Amino acid sequence: MLKTRIAFAFVLALTQAPLSAEPRTVNQNAHGWFNYFGDHPLGKSKWGVHLEAQYRRHDVLLSWQQLLVRPAMNYDVNPALTLSAGYAFARSYSFGNRSPATPAQHEHRLWEQALWRYRAGPAALTSRFRMEQRFLGSADPSAGYRYENRFRAWEQVTIPLGKRTYWTAYNEIWFYVKPYVARSVLDQNRAYAAMGIHLKPGWRLELGYMNQAVFQRSGSALDLNHTMMVSIFSNARFKLP
């Protein structure tokens, strides 16, 4: 139980730390994200594929915020450690009263991550560290793409509530890594809590809330995005011929 409490304290501390920056203006937004996360082993090998798609809406459902597609290859070093490398495509839209209406902007990413699984009593804990190489488009297609790096650190705790149900929470903090164009090294922080249910072997559903704090590159504003999350997860094994 002590380790579990330490994990909770770590998540809460990370959640609160970025908000101490006290930016001059705070913009409140309501979003709805609908997600699929699949980590599918390939036969009986240590290799697998990661398939991910996120359909992100502003004003919960009324208009676009972003479309994100993120495939990857996984390799299970051992039961506790999985390494991944992949690609991501993001199509982002302007939203909110402060954002001028501009054409959707495209981003291409390469990314690598390490994910550790461990336990503290009844709690399942996960640590994830991800590095991203980003190619950022602009509203002007003739401007080409700008290159940046970003690092993300994520900690999750999951506690079973019954045979099929569970509670989970995570916190993820994002940092720019040179080269980048921003007044602060801090990009954003995400704090999430959800209830989950195992639908059948290899499939589960989560309904949750995420507070996404996005620090604008100008350093003068903070976006607080209150986000409803509906997510399907699968680790169904893909059979090989």
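Note that the structure is a prediction, hence the values are computed from the model and not measured.

**Some words on the pairing of strand β1 (residues 25–41)**
Piece 1. As defined by bridge partners, β1 adjoins strand β12 (residues 221–234) across 14 bridges and the pair is classed as parallel. Across the sheet, Phe 34 pairs through a bridge with Val 230, a residue of β12.
Piece 2. Across 11 bridges, the pairing between β1 and strand β2 (residues 47–58) is antiparallel. Bridging from a neighbouring strand, His 40 pairs with Val 49 of β2.

**Describing the side chain of Asp 223**
Piece 1. Turning to its location among the elements, Asp 223 is positioned in strand β12.
Piece 2. Within polar-contact distance, the side chain of Asp 223 engages the side chain of Asn 27 at 2.9 Å.
Piece 3. Only 2.9 Å separates the side chain of Asp 223 from the side chain of Gln 216, close enough to count as a polar contact.

**Here's the deal with the environment of Ala 114**
Piece 1. One can find Ala 114 in strand β6 (residues 105–120).
Piece 2. A residue is classified by how much of its surface remains accessible, and Ala 114, at 13% relative accessible area, is buried.
Piece 3. C-alpha separation for the pair Ala 114 and Ala 85, spaced 29 residues apart in sequence, amounts to 9.1 Å.
Piece 4. Once you skip the residues sitting within four places of it in the chain, Ala 114 turns out to touch Leu 81, Thr 82, Leu 83, Ser 127, Arg 128 and Phe 129.

**Focus: the packing of aromatic side chains**
Centre distance and the angle of the planes are the two values used to describe a pair of aromatic rings.
Piece 1. Applying the stated criterion to the full structure yields 12 aromatic pairs.
Piece 2. Where Tyr 55 meets Trp 64, the ring centres are 5.0 Å apart and the plane angle is 80°; that geometry is what we call edge-to-face.
Piece 3. The class for Trp 64 is partly exposed, based on a relative accessible area of 28%.
Piece 4. Centroid distance Trp 116 to Phe 129: 5.7 Å. Interplanar angle 70°. Geometry classified as edge-to-face. Of this pair, Trp 116 sits in strand β6 while Phe 129 sits in strand β7 (residues 123–136); the two residues are 13 residues apart in sequence, bridging distant segments of the chain.
Piece 5. On the accessibility criterion, Trp 116 (36% relative accessible area) is partly exposed.
Piece 6. Take Phe 129: its relative accessible area is 35%, and that puts it in the partly exposed class.
Piece 7. By the ring-pair criterion, three or more aromatic residues cluster together here, those being Phe 34, Tyr 55, Trp 64 and Tyr 93.
Piece 8. The ring centre of Trp 174 lies 3.6 Å from the NZ or CZ of Arg 152, which sits over that ring.

**With respect to unusual backbone geometry**
Most peptide bonds take the trans form, and the phi angle of most residues other than glycine is negative.
Piece 1. In this chain, Lys 178 is followed by Pro 179 through a cis amide linkage whose omega measures 5°.
Piece 2. Positive phi, normally seen in glycine, also occurs at Asp 59, with a value near 50°.
Piece 3. Note that Asp 59 resides in the loop between β2 and β3 (63–69).

**Some remarks on a nonpolar patch on the surface**
Piece 1. A cluster of nonpolar residues, Tyr 87, Leu 110, Phe 135, Tyr 145 and Tyr 147, forms a patch on the protein surface that exposes about 460 Å² of accessible area.
Piece 2. Secondary-structure assignment places Tyr 87 in strand β5 (residues 81–92).

**Focus: the confidence of the model for the protein chain**
Piece 1. Mean pLDDT over the protein chain: 90, with 88% of residues reaching 70 or higher.
Piece 2. Note that pLDDT drops below 50 for residues 1–21; the model gives that stretch 26 contacts with residues more than four away or on any other chain.

Each value, and the rule that gives it
Residues numbered from 1 in each chain as written. Predicted model: local features only at pLDDT ≥ 70, side-chain atom pairs only at ≥ 80, totals over all residues. Heavy atoms only, no water. Pairing = 2+ DSSP bridges. Helix = DSSP H or I, 4+ residues; strand = E, 2+ residues; numbered from the N terminus. Polar contact = N/O pair within 3.5 Å; in protein donor to acceptor, adjacent residues only side chain to side chain. Buried < 20%, exposed > 50% of the residue type's maximum accessible area, 1.4 Å probe, protein only. Contact = heavy atoms within 4.5 Å. Phe/Tyr/Trp six-rings, centres within 6.5 Å; stacked < 30°, edge-to-face > 60°. Lys NZ or Arg CZ within 6 Å of the ring centre and 35° of its normal. Patch = residues over 30% accessible without salt bridge, like charges linked within 9 Å, V, L, I, M, F, W, Y side chains within 5 Å. Areas by Shrake-Rupley, 256 points an atom, 1.4 Å probe, with all protein chains shown as cover. Salt bridge = Lys/Arg side-chain N within 4 Å of Asp/Glu carboxyl O. pLDDT = per-residue confidence, 0-100.

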